[in-house]
Amino acid sequence: MADDLSSIAKDVFLGKGLKNTTLIWRMVVLTLAMVSGVYICSICLKQIGIGTATGKIGFLDIKVLEKPCPEPNIEPWEIPYVHYPKPKTYSREECSCNPVRYFAILSMQRSGSGWFETFMNSHANISSNGEIFSVKVRRSNMSTITETLDTIYNLDWVSSASKNECTAAVGLKWMLNQGLMQNHEQIAEYFRIHGVSVIFLFRRNLLRRMISVIANEYDRNAKSLNGTHKSHVHSPKEAQILAQYKPKLNSSTLIHNLKQVSDTTKKALEYFKSTRHILVYYEDVVKNRTKLMDIQDFLKVPHMELKTRQVKIHKGTLSSQVENWNDVEKALTGTPYENYLHEDYRR
């Protein structure tokens, strides 16, 4: 009897032990399930956009892979000059796959570059952003030059010339004396790496350019147009007022000054000869506006009739624009620059 009671007590004890063990395991499993649930919920919350004060829950932040732009139908040599910039300040939207060409107009003051640039900016798909490096801090070293060029060519430069997201050619006007010649090696390398094409714009008649430079410098102080100075004008009346001034040229330094400008032009052509480029002369565009078609072909943009509102200031023969013409004629006769006395054009 005692053995039976002992056996029953043992069975009860074992039964309770098994029940306690099962309960503990259930608690462990439940705890693990709860921890796993909390973890999964935290991961989900990171992926879900929580709404603002309105209490609305946002959509999942799913990134859609951008479809690559189709290969343009161009010659193999053109590939380095075709770009697809992604501006930081706006989206190119439906034009994101429209290729963009980079260019730089290399010129000298009073060579018709402002007039020429207005033609280019009259094209719906060309943005030429002006004389960017006239501001000294932008050309203080190669780092600032590179930073400025990167901003321009990424379509993030804001100016009156900025077009819409469908710009097909973007660039600037760069004078030779604005850090270009001093840093020509690094700049030529930048042009090579980034596929920038160069438009050289010079004057054939450097004597005419000299007259324009001196007259423009005179008006900076004289401010002949109602107390204001204008380098470019948009009315025949304003042009007539500015043309009344006839500079007196220093005949003793005339040849030296002309040679200096001529040599600088030759150096620029030499420095950037390996860069894809086109050479344009101001006089040729004045006499034949079809030269502007050559520029559009060079930039691979659709042909358009280009226009400008600027009016030429100095017209007529050179002898009528210089106070001491006889001295100038005498100084240049028999020299390599004698042809400047006779090369003329009308428009």
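Residues numbered from 1 in each chain as written. Predicted model: local features only at pLDDT ≥ 70, side-chain atom pairs only at ≥ 80, totals over all residues. Heavy atoms only, no water.

Re the overall build of the chain
Consideration 1: Helices and strands together make up the secondary structure of the chain, namely 11 helices and five strands.
Consideration 2: Taken across its 347 residues, the chain has 39% of its residues classed as buried.
Consideration 3: Of the contacts made within the chain by residues no fewer than 6 positions apart, 73% connect residues no fewer than 24 positions apart.
Consideration 4: Carbon and sulfur atoms provide 57% of the accessible area of the chain, an area that totals close to 21,100 Å². (Helix = DSSP H or I, 4+ residues; strand = E, 2+ residues; numbered from the N terminus. Buried < 20%, exposed > 50% of the residue type's maximum accessible area, 1.4 Å probe, protein only. Contact = heavy atoms within 4.5 Å. Areas by Shrake-Rupley, 256 points an atom, 1.4 Å probe, with all protein chains shown as cover.)

Considering the nonpolar core
One broad trend across soluble globular proteins is that nonpolar side chains are buried collectively.
Consideration 1: Among the nonpolar cores identified, the biggest contains 46 residues, and Tyr153, Trp174 and Leu207 are the most heavily contacted of them.
Consideration 2: If one sorts the elements of this core by residue count, helix α3 (residues 142-153) sits on top with five residues.
Consideration 3: Setting aside its immediate chain neighbours within four residues, Tyr153 contacts Pro85, Tyr102, Phe103, Ala104, Val170, Gly171, Leu172, Tyr190 and Val196.
Consideration 4: Among the nonpolar cores identified, the runner-up in size contains 22 residues, and Phe116, Ile126, Ala168 and Val286 belong to it. (Core = buried A, V, L, I, M, F, W, Y, C linked by side-chain atoms within 4.5 Å.)

A short note on the packing of aromatic side chains
Consideration 1: The full count for this structure, using the stated rule, is 10 aromatic pairs.
Consideration 2: The interplanar angle of 40 degrees and the centroid separation of 6.0 Å between the aromatic rings of Phe191 and Phe272 together place this pair among those described as tilted. In this pair, Phe191 is assigned in helix α5 (residues 184-194) and Phe272 in the loop between α8 (254-271) and β5 (277-281), connecting sequence segments 81 residues apart.
Consideration 3: The buried category is assigned to Phe191, whose relative accessible area is 1%.
Consideration 4: For the ring pair Tyr218 and Tyr245, a centre distance of 3.7 Å and an interplane angle of 5 degrees mean the geometry is stacked. (Phe/Tyr/Trp six-rings, centres within 6.5 Å; stacked < 30°, edge-to-face > 60°.)

Points about the packing of α8 against helix α11 (residues 325-332)
Consideration 1: Interhelical geometry of α8 versus α11 gives an angle of 65 degrees and a closest axis separation of 10 Å. Taken as axis vectors, α8 and α11 run roughly perpendicular relative to one another. Residues Leu254, Ile255 and Leu258 of α8 pack against Val328, Ala331 and Leu332 of α11.
Consideration 2: Of the residues belonging to the contact of α8 with α11, the class tally is six nonpolar, no polar and no charged. (Axes fitted to C-alpha atoms, helices over the stretch in contact; angles between N-to-C directions. Parallel < 35°, antiparallel > 145°, perpendicular 65-115°, else oblique. Nonpolar A, V, L, I, M, F, W, Y, C, P; charged D, E, K, R; others polar.)

Observations regarding the side chain of Arg139
Consideration 1: Here Arg139 lies in the loop between β2 (126-128) and α3.
Consideration 2: One buried charged residue, Arg139, forms no salt bridge at all, with the nearest opposite charge on Glu131 at 7.2 Å.
Consideration 3: Of note is the side chain of Arg139, whose polar atom sits 2.5 Å from the backbone oxygen of Phe133.
Consideration 4: Excluding anything up to four places from it in sequence, Arg139 contacts Phe133, Ser134, Thr144, Ile145, Gln178 and Gly179. (Lys, Arg positive; Asp, Glu negative; His and termini not counted. Salt bridge = Lys/Arg side-chain N within 4 Å of Asp/Glu carboxyl O. Polar contact = N/O pair within 3.5 Å; in protein donor to acceptor, adjacent residues only side chain to side chain.)

Observations concerning the state of the cysteines
Consideration 1: Counted under the stated rule, the structure contains two disulfides.
Consideration 2: Cys69 shares a disulfide with Cys97; S-S distance 2.2 Å. In this structure, the disulfide formed by Cys69 and Cys97 twists by about -85 degrees around the S-S bond and is classed as left-handed. Separated by 28 residues along the polypeptide, Cys69 in the loop between α1 (2-47) and β1 (101-107) and Cys97 in the loop between α1 and β1 bring together distant segments of the chain.
Consideration 3: Residue class for Cys69 comes out partly exposed when judged on its relative accessible area of 29%.
Consideration 4: Shown here is the disulfide that connects Cys95 with Cys166, its sulfur atoms set 1.7 Å apart. Residue Cys95 is located in the loop between α1 and β1, and its partner Cys166 is located in the loop between α3 and β3 (169-175); the two are separated by 71 residues in the primary sequence. (Disulfide = S-S within 2.5 Å.)

Quick look at unusual backbone geometry
Consideration 1: You will see that Glu93, though not glycine, has its phi angle at about 50 degrees, which is positive.
Consideration 2: With respect to the helices and strands, Glu93 occurs in the loop between α1 and β1.
Consideration 3: Look at Asn226: it is not a glycine, yet its phi comes out positive at around 50 degrees.
Consideration 4: With respect to the element layout, Asn226 can be found in the loop between α6 (206-222) and α7 (236-243).

Brief notes about the pairing of β5
Consideration 1: Residues Ile278 and Val280 line the buried face of β5, whereas the alternating positions His277, Leu279 and Tyr281 sit on a face that is not buried.
Consideration 2: Where strand β4 (residues 196-202) and β5 come together, five bridges link them in parallel fashion. In the sheet register, Leu201 faces β5, and the bridge partner there is Val280. (Pairing = 2+ DSSP bridges.)

Let's talk about helix α2 (residues 113-121)
Consideration 1: Among the nine residues in α2, seven count as buried, and that is most of the element.
Consideration 2: Within the sequence span of α2, burial applies to Ser113, Gly114, Trp115, Phe116, Glu117, Phe119 and Met120.
Consideration 3: Buried positions along α2 lie against β1, β2, β3, β4, α9 (282-287) and α10 (291-299).

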